[in-house]
Amino acid sequence: MKIKKGDTVEIIKGKDKGRRGRVLKVFPKKNKLIVEGLNLLYRHTRPRREGEKGQRVQFSAPINISNVMLVCPKCHKKTRIGFRILNDGRKVRQCKKCKEIIS
Ligand SMILES: [Zn+2]
């Protein structure tokens, strides 16, 4: 998985194109993730009791991973991610633009 929880991503497709947010959750099997405050949808709840109103609950819907790009924490550009093996054998993510290691 190239994108992890806590990363900042930019949406590159759809109605929130160009907007950035923090990744709250990743669903690796579905190739989807949830970005804080983006891709908002409303869920309508029905009134449970008589005299009660139905509510509109706003929530961030999952976005396909192919619709976002990582925003590099070092150069603040949206970038593709590469991988690099360090001398101690650890595999780390690397920004393809500024070549900095992304933890
Ligand atoms: Zn960078």
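Numbering of residues begins from 1 in every chain and follows the order in which that chain's sequence is written. Residue-level local features of this predicted model are given only where pLDDT is at least 70; pairs of side-chain atoms are given and counted only at 80 or more, and the full residue set underlies all totals for whole chains, interfaces and linings. The side-chain figures draw on all heavy atoms in the structure; neither hydrogens nor water molecules are used.

Enquirer: How do you make sense of the overall build of the chain when you look at a structure like this?
Expert: Labels follow the DSSP assignment, with helices taken as runs of H or I lasting at least four residues and strands as runs of E lasting at least two, numbered in each case from the N terminus. When its secondary structure is counted, the chain shows 0 helices and 11 strands. In terms of C-alpha radius of gyration, the chain reaches 18 Å, well past the compact-globule figure of 13 Å for 103 residues. Overall, the C-alpha framework of the chain stretches about 65 × 25 × 20 Å when taken along its three principal axes. Out of the 103 residues belonging to the chain, those deemed buried represent 29%. The criterion used for residue contact is that any of the two residues' heavy atoms lie within 4.5 Å. Considering only contacts within the chain whose residues lie at least 6 apart along the sequence, 36% involve residues at least 24 apart. Each radius of gyration is computed over the set of C-alpha atoms, and the globule rule expresses the reference value as 2.2 Å times the number of residues to the power 0.38. Exposure is judged per residue with a 1.4 Å probe applied to protein chains only, and the accessible area is read against the type maximum: over 50% gives exposed, under 20% gives buried, and values in between give partly exposed.

Enquirer: Which parts of the structure should I look at to understand the pairing of strand β7 (residues 68-71)?
Expert: Looking along a regular strand, one sees side chains alternate from face to face of the sheet. Direction of pairing for strand β1 (residues 8-11) relative to β7: antiparallel, over a ladder of 3 bridges. Across the sheet, I11 pairs through a bridge with V68, a residue of β7. Relative to strand β8 (residues 78-79), β7 runs antiparallel, the two being bridged by 2 bridges. Bridging from a neighbouring strand, L70 pairs with T79 of β8. For two strands to pair, DSSP has to find at least two bridges joining them. Linkage of β7 to β8, two consecutive antiparallel strands, is achieved through a turn of 6 residues, within which H76 is found at a positive phi near 60 degrees.

Enquirer: Teacher, can you tell me more about the side chain of T79 here?
Expert: Residue position: T79 is located in strand β8. Here a polar contact means two N or O atoms within 3.5 Å. Within protein one must be a hydrogen donor candidate and the other an acceptor candidate, and residues neighboring in sequence count only if both atoms are side-chain atoms. Of note is the side chain of T79, whose polar atom sits 3.4 Å from the backbone nitrogen of K96. Apart from the residues within four sequence positions on either side, T79 is in contact with M69, L70, C72, C95, K96 and K97.

Enquirer: Would you mind going over the coordination of the zinc ion with me for this structure?
Expert: Under perfect tetrahedral coordination by four donors, a metal shows angles of 109.5 degrees; under perfect octahedral coordination by six donors, it shows angles of 90 or 180 degrees. Surrounding the zinc ion are the protein donor atoms C72 (SG), C75 (SG), C95 (SG) and C98 (SG), at 2.2 to 2.3 Å. Excluding water, the donors of a metal are its N, O and S neighbours within 2.8 Å, or within 3.2 Å for Na, K and Ca, and that exclusion means sites may look incomplete. By the criteria applied here, four donors are tetrahedral when all angles lie between 85 and 135 degrees, four are square planar and six octahedral when opposite donors are over 155 degrees apart and every other angle lies between 65 and 115, and any other arrangement is irregular. Metal-centred angles of 105 to 114 degrees between the 4 donor atoms at the zinc ion mark the site as tetrahedral. On the basis of relative accessibility, which here comes to 23%, the residue C75 falls in the partly exposed class.

Enquirer: I would appreciate a short explanation of the sheet that holds strand β11 (residues 101-102) in the present structure.
Expert: Hydrogen bonds along the backbone pair up the strands of a sheet, which may run parallel or antiparallel. The strand order β9-β10-β11 describes an open sheet built from 3 strands, whose pairing is antiparallel. For this open sheet the edge positions go to β9 (81-85) and β11, each flanked by a neighbour on one side alone. Across 2 bridges, the pairing between strand β10 (residues 91-95) and β11 is antiparallel. By the bridge assignment, R93 is partnered in β11 with I102.

Enquirer: Explanation requested: the pattern of salt bridges in the structure shown.
Expert: A side chain with one charge may pair with a side chain of the opposite charge, provided their charged atoms come close. For salt bridges, the criterion is a side-chain nitrogen of Lys or Arg within 4 Å of an Asp or Glu carboxyl oxygen. In this structure the tally under the stated criterion is 7 salt bridges. Among the ionic pairs, D7 bridges to R93, the shortest N-O distance being 2.8 Å. Of the two residues, D7 sits in the segment before β1 while R93 sits in strand β10, which places them 86 residues apart along the sequence. Its relative accessible area of 9% is what places D7 among the buried residues. For E36, the salt bridge goes to R22, with nearest N and O atoms at 3.4 Å.

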